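The primary structure of each chain is shown beneath.
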Amino acid sequence: MPGQASAETARIRCERPREEDAAGYSRLFRDPAVERWLRPPPLEPLNSRDVTRILEHDLLHWQHHRFGPWVLRSDADGRLLGRGGLAWTRVEGRPMVELPWSVLPGEQGCGFATEAGTAALAVGSRIGLKHVVSLALVDNLASRRVMEKIGLGLEREVEHFGLPHVLYGIDLRVWRGREPDRGDG
């Protein structure tokens, strides 16, 4: 049974990351198809030290907030699918809780980001978050579709890390979502 800030869906185990996930983080964040959306030019590609910092940040996030980014694993065989969950970030100088996701290229288009996003909204609601956002580069249509599928609405365009992004959000106090399907019904 997942803890209050973890989740399981019909196909995904959404788990708190561990130091042993370093190789999986490297494979995910240094993949050119993922970097295209997370570190487009003029930003420099992530190096191994950058990826180590991301994992360290995720581990500390969990220690400080009791929720955070997840490692997404296949429920069938435990293979790494990507990263999702909830994470504090700053948008236009203000702290906000974000729904970040990255899915390995071979797993994209299978609905895993949608499942993870829905699970993260359910957890956010359960732990008392009021508002969550998601950010994407303006031309990242796949992520924008995920945001809309899980119920987020376009709030505005923002500059994030010096690049134009769209900011989608949802008020979890009025969210009418449901717990993610665990395939048991």
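1. Quick look at the sheet that holds strand β4 (residues 80-85)
Thinking step 1. An order of β1-β2-β3-β4-β7 is seen for the five strands of this open sheet, with the pairing classed as antiparallel. The open sheet has two edge strands, β1 (7-8) and β7 (102-103), and neither has a second partner.
Thinking step 2. Bridging between β4 and β7 involves two bridges; their strand directions are antiparallel. Bridge assignment links Gly82 to a residue of β7, and that residue is Val103.
Thinking step 3. Each of β3 (69-74), β4 and β7 touches helix α1 (residues 22-29); the most contacted strand, β4, lies at about 85 degrees to it.
Thinking step 4. With respect to the sheet, helix α4 (residues 112-126) is in contact with β1, β2 (12-15), β3, β4 and β7, its orientation differing from that of β3 by roughly 135 degrees.

2. Regarding the layout of surface pockets
Thinking step 1. Here the largest pocket defines a volume of roughly 1300 Å³.
Thinking step 2. Along the walls of the largest pocket sit 45 residues, with Leu38, Glu98, Pro100, Trp101 and Ser102 positioned nearest its centre.
Thinking step 3. Listed by contribution, the elements that provide at least two residues to the lining of the largest pocket are α2 (32-38), α3 (48-65), β5 (87-91), β7, α4, β8 (131-137), α5 (141-149) and β10 (163-171).
Thinking step 4. The leading source of residues in the lining of the largest pocket is α5, at five residues.

3. Comments concerning the pattern of salt bridges
Thinking step 1. On inspection of all chains with the given rule, the structure shows 13 salt bridges.
Thinking step 2. With a closest N to O distance of 3.1 Å, Glu107 and Arg79 form a salt bridge. On the criterion of sequence distance, the pair formed by Glu107 in the loop between β7 and α4 and Arg79 in the loop between β3 and β4 is long-range, its members being 28 residues apart.
Thinking step 3. Judged by its relative accessible area of 15%, Glu107 falls in the buried class.

Rules and cut-offs
Residues numbered from 1 in each chain as written. Predicted model: local features only at pLDDT ≥ 70, side-chain atom pairs only at ≥ 80, totals over all residues. Heavy atoms only, no water. Pairing = 2+ DSSP bridges. Helix = DSSP H or I, 4+ residues; strand = E, 2+ residues; numbered from the N terminus. Contact = heavy atoms within 4.5 Å. Axes fitted to C-alpha atoms, helices over the stretch in contact; angles between N-to-C directions. 1 Å grid on protein atoms, 1.4 Å probe; cavity = no way out; pocket = protein on both sides within 12 Å on 5 of 7 lines; lining within 4 Å. Points joined across faces, edges and corners; volume = space filled by probe spheres on them. Salt bridge = Lys/Arg side-chain N within 4 Å of Asp/Glu carboxyl O. Buried < 20%, exposed > 50% of the residue type's maximum accessible area, 1.4 Å probe, protein only.

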